[in-house]
Amino acid sequence: MPVWFFLVLQVSSIACAIVGGVFLAFSDFIMRSLNRAESGAGIEAMQVINREVLKSVFIVLLLGLSALSPVMIGYALFNLGGLIRILVMLGGAIYLVGVFAVTVVFNVPMNNRLAGSKSTSQEGLSYWASTYFPDWTAWNHVRASASVAAAICYLAACVAMVQASLI
């Protein structure tokens, strides 16, 4: 087992955990706080957050892991065996489906629709209350769980590699 792959796996585990932590913060208290803010203030704050996140370290981790996951899956498929192969492939698949696909298919379209809403309009307030807040948060729970599950898979693969003395 090349040391570089072991290092990539460790960094990926940490990065997945960080991404999961950000999602957890949103699911646990940020979205509830925005929902309880004065009329329209939560919408406006989320619109700002959605613009600022595109210039953050978080987006680099989110998209970097999305690009790295297929590479790790491919490497595991052709170069690893047994439990380690399964853990790396599972971690990559969980991240791609539970984080990246959910983000692209559900959260980003809702963010785009919210971006076009006026925070003080009845339409914007209605969209926030009936769709955005409950649905975005529910899908964010999925992303948080998937990020943590991928981190656990990668970490378990690292432990299995050490135990098998593959590095």
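All of the points below concern the structure found in this document. (Residues numbered from 1 in each chain as written. Predicted model: local features only at pLDDT ≥ 70, side-chain atom pairs only at ≥ 80, totals over all residues. Heavy atoms only, no water.)

**Brief notes about the nonpolar core**
The nonpolar side chains of a soluble globular protein tend to be buried, and buried together. Heads up, the condition is: Here, nonpolar core means buried Ala, Val, Leu, Ile, Met, Phe, Trp, Tyr and Cys residues that are tied together by side-chain atoms lying within 4.5 Å of each other. Per-residue accessibility, obtained with a 1.4 Å probe over protein chains only, is compared with the maximum for each type, and a residue is labelled buried under 20%, exposed over 50%, and partly exposed between these values. Each helix corresponds to a stretch of at least 4 residues labelled H or I by DSSP, and each strand to a stretch of at least 2 residues labelled E; elements are numbered beginning at the N terminus. A contact between two residues is defined here by any heavy atoms of the two lying within 4.5 Å.
Grouped together as the largest cluster of nonpolar side chains are 29 residues, with contacts concentrated most on Phe5, Leu9, Leu62, Leu80, Val88 and Tyr95. Residue assignment for this core shows that the elements contributing at least two residues are α1 (3-36), α3 (57-79), α4 (82-115) and α5 (122-163). By residue number, the principal contributor to this core is α5, which donates 9 residues. Not counting residues within four places of it along the chain, the set of residues in contact with Val88 comprises Phe5, Leu9, Met72, Ala76, Leu80, Tyr154 and Ala157. Within the second largest apolar cluster, 12 residues are counted, among which are Leu34, Met46, Leu114 and Tyr132.

**Re the packing of α1 against α3**
In a packed pair of helices, the relevant descriptors are the angle between the two axes and the axis-to-axis distance. Let me state the cut-off plainly: Simply put, an axis is a line fit to the C-alpha atoms, just over the touching stretch for a helix, and the angle between two N-to-C directions goes from 0 to 180 degrees. Our angle categories are set so that under 35 degrees counts as roughly parallel, over 145 as roughly antiparallel, 65 to 115 as roughly perpendicular, and the remainder as oblique. Put simply, a crossing is left-handed when the front helix is turned counterclockwise from the back one by less than a right angle, and right-handed when it is turned clockwise. Just so you know the grouping, Ala, Val, Leu, Ile, Met, Phe, Trp, Tyr, Cys and Pro go in nonpolar, Asp, Glu, Lys and Arg go in charged, and all remaining residues, Gly too, go in polar.
In contact at an axis separation of 10 Å, α1 and α3 are set at 140° when each is read in the N-to-C sense. Here α1 lies oblique to α3, going by the angle between them. For the pair α1 and α3, the sense of crossing is left-handed. When α1 is examined against α3, the residues Trp4, Phe5, Val8, Leu9, Ser12, Ala15, Cys16, Ile18, Val19, Val22 and Phe23 are found in contact with a partner set consisting of Phe58, Leu61, Leu62, Leu65, Leu68, Met72 and Tyr75. Within the contact of α1 with α3, the residues separate by chemical class into 17 nonpolar, 1 polar and no charged.

**So, the pattern of salt bridges**
Put simply, the rule is: The rule for a salt bridge is simple: a side-chain nitrogen of Lys or Arg has to be within 4 Å of a carboxyl oxygen of Asp or Glu.
As enumerated under the stated definition, the model contains 1 salt bridge in all. The salt bridge involving Glu52 is made with Lys55; its shortest N-O contact spans 3.3 Å. With relative accessibility at 43%, the residue Glu52 sits in the partly exposed group.

**Some details on the environment of Ile86**
Here Ile86 shows up in helix α4. On the accessibility criterion, Ile86 (52% relative accessible area) is exposed. In the structure, Ile86 is positioned 70 residues away from Cys16 in sequence and 17 Å away in space, judged by C-alpha atoms.

**Some details on the packing of aromatic side chains**
Rule in force here: Aromatic pairing here means that ring centres of Phe, Tyr or Trp (its six-membered ring) are within 6.5 Å. Orientation follows from the plane angle: under 30 degrees is stacked, over 60 is edge-to-face, and everything else is tilted.
Scanning the model with the defined rule gives 10 aromatic pairs in all. On the basis of an interplanar angle of 25° and a centroid distance of 4.3 Å, the ring pair of Phe5 and Tyr75 is categorised as stacked. Linking Phe5 in helix α1 with Tyr75 in helix α3, this pair joins segments that are 70 residues apart in sequence. According to the relative accessible area criterion, Phe5 is buried, its value standing at 1%. Ring geometry for Trp128 against Phe133: centres 6.4 Å apart, planes inclined by 25°, an arrangement best described as stacked. Comparing Trp128 with Phe133 shows no difference in burial state: the two are buried. Taken together through their ring pairs, the aromatic side chains of Phe26, Tyr127, Trp128, Tyr132, Phe133 and Trp136 make up a single cluster.

**Quick notes on the environment of Pro70**
For Pro70, the location among the structural elements is in helix α3. Taking the C-alpha atoms as reference, Pro70 lies 8.0 Å from Ala93; in sequence the two are 23 residues apart.

**Points about a nonpolar patch on the surface**
What counts is decided by this rule: Residues enter patches when they are more than 30% accessible in relative terms and free of salt bridges; like-charged ones are connected within 9 Å and nonpolar ones (Val, Leu, Ile, Met, Phe, Trp, Tyr) within 5 Å. Residue exposure ignores everything except the shown protein chains as possible cover, and the areas themselves are Shrake-Rupley values with a 1.4 Å probe.
Taken together, the side chains of Leu63, Phe100, Val104 and Val105 present a nonpolar region at the surface, about 330 Å² in accessible area. Here the element with the most residues in the nonpolar patch is α4; it accounts for 3 residues.

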